[in-house]
Amino acid sequence: MGSDTLQPLRGMSDIRAPDVHLWQHLEREGRRVLHAYGFEEIRTPTLEYASLFRRAIGDTTDVVSKEMYSFRDRGGREVALRPEGTASVMRVVAAAGPELMDGRLYYLGPMFRCERPEAGRRRQFHQIGAEAIGEPNPAADAECIALQLQILSAWGLDGYQLQLNTMGDPDHREALTGGLRDRLRPLLGELCEDCQRRFEANALRVLDCKNPHCRKIVEGVPPLTEWMCPDSRAYFDQVRDLLDQLDIGSEWNPRLVRGLDYYAQTVWEITHPALGAQDALCGGGRYRFSLDSRVIDGVGFAMGLERIIMALKAMNGDPVDHAPRTQVFVVTQHPSAFRENLVLAQTLRLRGVSCGIDLRGRSFRKQMRAADKARAQWVVIRGEQEMEEGTFVLRNMEQGAQESLEMPGLLERLTTVLSIR
Ligand code: HAM
């Protein structure tokens, strides 16, 4: 095996202890809040037909045209590793029909985008995302934002900024892009090459070009609401009003356009100043999909877990240790006690106690060291003498106190101190 086969692909990472404990904590807390808002988990395949993403996200978006991992499988089908989760959820909703037309679904898992890796930009990254299906309703948009902020708060993250904008009614998109193009046309020659290409295919994307010269030009462009119908403006006002009502501070950023084509009405991003160039922690918005003659309205968001962890570490230094603690470690002081100790460990584990035991006949000292390493709360020690007496020594590892107990007393004591059934 060459040394390169020991490495993951560029832009992809192994996640192991102690980091994995923080990941598990974030996932647990995220799920807890999502359940409080009535969302149910959905797990979709990581590999889909590439045409799904092209149709749902848009052919001209960077995500699809430049970053998608697509290839032909052995049967010659063009498939792609999912670059995000919304398209797959929409496929499921469209296939399910009325059953999911009011669905509240969330997902959690790896996404793939073949971008140039840098801090906060990975080729495999992980999202927690949520989609609330249903007719446009400003209250649903505000609730979705509130949910996202509650997840951030459950994770102990603050200092972020919520930026909002509106893309208006999707049925009036032509008026919007037309107005923007008319405004930009006299300046077309001054825009960067990318923007000159985008001008026809996806004029809205010019608004978030990173080129400093394009930025300057765009500063003079009026907000998109200028070309929107009164209903779309009223919709946006209602969302902002409801956010005020919920005491959620936000900033209107009229240049905010998202990198995916499916958005309609409200869009938002949450950024964090600790993150540097890739500062978006979360992105979301309302959308309308037309898939296989079904129209699906909904609102949703996704949060990038790698960036969340970067922000937490930047804020708190070493984050709190979330490693699960071993409750009991069974130590065999004499080989004659091993078989019965193994049975004891099994009995405790069957009752749901996390329990460690040495299987290799190591010395007493090494077993005690292993118990320390496992951060065991209690140690049960059994050697020749205890075997003869039919007892066990139970030691409280925090206080150092120990007592000698027979089996029923030991189980009773552990049941009480560990609150097990
Ligand atoms: P997105 O803005 O493309 O939206 O991605 C959401 C979040 O995923 C970003 O804010 C960021 O934290 C993280 N992310 C994206 N690309 C990378 C990367 N290369 N490396 C690390 N993290 C990354 C969506 O994906 C939409 N599906 C969100 C949505 C759901 N809108 C409505 N429903």
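In the block above lies the structure referred to throughout.
Rules of the game
- Residues numbered from 1 in each chain as written.
- Predicted model: local features only at pLDDT ≥ 70, side-chain atom pairs only at ≥ 80, totals over all residues.
- Heavy atoms only, no water.
- Pairing = 2+ DSSP bridges.
- Helix = DSSP H or I, 4+ residues; strand = E, 2+ residues; numbered from the N terminus.
- Contact = heavy atoms within 4.5 Å.
- Axes fitted to C-alpha atoms, helices over the stretch in contact; angles between N-to-C directions.
- Patch = residues over 30% accessible without salt bridge, like charges linked within 9 Å, V, L, I, M, F, W, Y side chains within 5 Å.
- Areas by Shrake-Rupley, 256 points an atom, 1.4 Å probe, with all protein chains shown as cover.
- Salt bridge = Lys/Arg side-chain N within 4 Å of Asp/Glu carboxyl O.
- Lys, Arg positive; Asp, Glu negative; His and termini not counted.
- Charge placed at Lys NZ, Arg CZ, Asp CG, Glu CD.
- Buried < 20%, exposed > 50% of the residue type's maximum accessible area, 1.4 Å probe, protein only.
- Near = heavy atom within 4 Å.
- Polar contact = N/O pair within 3.5 Å; in protein donor to acceptor, adjacent residues only side chain to side chain.
- Parallel < 35°, antiparallel > 145°, perpendicular 65-115°, else oblique.
- Nonpolar A, V, L, I, M, F, W, Y, C, P; charged D, E, K, R; others polar.
- Left-handed = near helix turned anticlockwise from the far one by under 90°.

Turning our eyes to something else, we now look at the sheet that holds strand E9 (residues 263–271). Taken together, eight strands build an open sheet; the order of strands is E1-E5-E6-E11-E10-E9-E7-E8 and the sheet is mixed. Edge positions in the open sheet fall to strand E1 (40–41) and strand E8 (251–252), since each of these has one partner strand only. Across six bridges, the pairing between E9 and strand E10 (residues 280–291) is antiparallel. When the bridges of E10 are listed, Trp268 appears paired with Gly284. Of the strands in this sheet, strand E5 (104–112), strand E7 (161–166), E9, E10 and strand E11 (294–304) touch helix H5 (residues 138–154), which is tilted by about 20 degrees from E11.

Turning next to a positive patch on the surface. Together, Arg360, Arg365, Lys366 and Arg369 make up a region of like positive charge exposed at the surface. When you line up the elements, Arg365 lands in helix H12 (residues 364–373). Relative accessible area serves as the criterion here: at 59%, Arg365 is assigned to the exposed category.

In this section: the site of the ligand. Around the ligand sit 27 residues in total, of which Glu84, Thr86, Glu115, Arg258 and Tyr263 are the nearest. Arg122 has a polar backbone atom sitting 2.9 Å from a nitrogen atom of the ligand. For the ligand, an oxygen atom lies 2.8 Å from a polar atom in the side chain of Arg258. Burial of the ligand by the surrounding chains reaches 96%, relative to a free accessible area of 670 Å². Among the secondary structure elements, those contributing two or more residues to the shell around the ligand are strand E6 (124–133), E10 and E11. In terms of residue count, the dominant contributor to the shell around the ligand is E10 (seven residues).

Time to look at the environment of Asp208. Within the secondary structure, Asp208 sits in the loop between helix H7 (193–201) and helix H8 (212–219). Distance from Asp208 to Arg255, taken between C-alpha atoms, is 6.4 Å for residues 47 residues apart in sequence. Those residues in contact with Asp208, other than ones at most four positions away along the chain, are Arg255 and Val257.

Moving on, we come to the pairing of strand E4 (residues 78–81). Relative to E4, strand E2 (residues 47–49) runs antiparallel, the two being bridged by three bridges. Looking at the pairing, Leu47 lines up with Leu81 of E4. Where strand E3 (residues 70–72) lies against E4, three bridges are found, and the strand directions are antiparallel. Looking at the pairing, Ser70 lines up with Ala80 of E4. Linking E3 to E4, which pair antiparallel, is a turn of five residues; within it Gly76 sits at a positive phi near 80 degrees.

Moving on: the packing of helix H1 (residues 19–36) against helix H10 (residues 305–316). Axes are the key here: two packed helices are described by the angle between their axes and the distance separating the axes. Where H1 contacts H10, the two axes come as close as 11 Å, and the packing angle between them is 110 degrees. Classified by the angle between their axes, H1 and H10 sit roughly perpendicular to one another. Note on element contacts: H10 touches H1 through Leu305, Glu306, Ile308, Ile309, Leu312 and Lys313, opposite Asp19, Leu22, Trp23 and Leu26. Its residues assigned to classes, the contact of H1 with H10 shows seven nonpolar, no polar and three charged.

With antiparallel pairing, the three strands of this open sheet are ordered in space as E2-E4-E3. Each end of this open sheet is capped by a strand with a single partner; those strands are E2 and E3. Strand-to-strand twist in this sheet, taken as the mean axis angle between neighbours without regard to direction, amounts to 35 degrees. Across the sheet, helix H2 (residues 50–57) is in contact with E2, E3 and E4; its angle to E2 comes to roughly 75 degrees.

Opposite charge on two side chains makes pairing possible when the charged atoms of those side chains draw close. All told, the structure shown has 26 salt bridges when counted by the stated rule. Here Arg181 ties to Glu200 by a salt bridge, and the two come within 4.0 Å at their closest N and O atoms. With a gap of 19 residues between them, Arg181 in helix H6 (residues 173–184) and Glu200 in helix H7 connect regions that are remote in the sequence. The network of salt bridges with shared partners includes Glu115, Arg116, Glu118 and Arg121.

To continue, consider the packing of H5 against helix H9 (residues 230–245). Direction vectors running N to C along H5 and H9 enclose 45 degrees, while the axes themselves pass 9 Å from each other. In terms of axis orientation, H5 runs oblique to H9. In this structure, H5 meets H9 at a crossing whose hand is right-handed. Across the interface between the two elements, Pro138, Ala139, Asp141, Ala142 and Ile145 of H5 pack against Tyr235, Gln238, Val239, Leu242 and Leu243 of H9. Residues of the contact of H5 with H9, tallied by class, amount to eight nonpolar, one polar and one charged.

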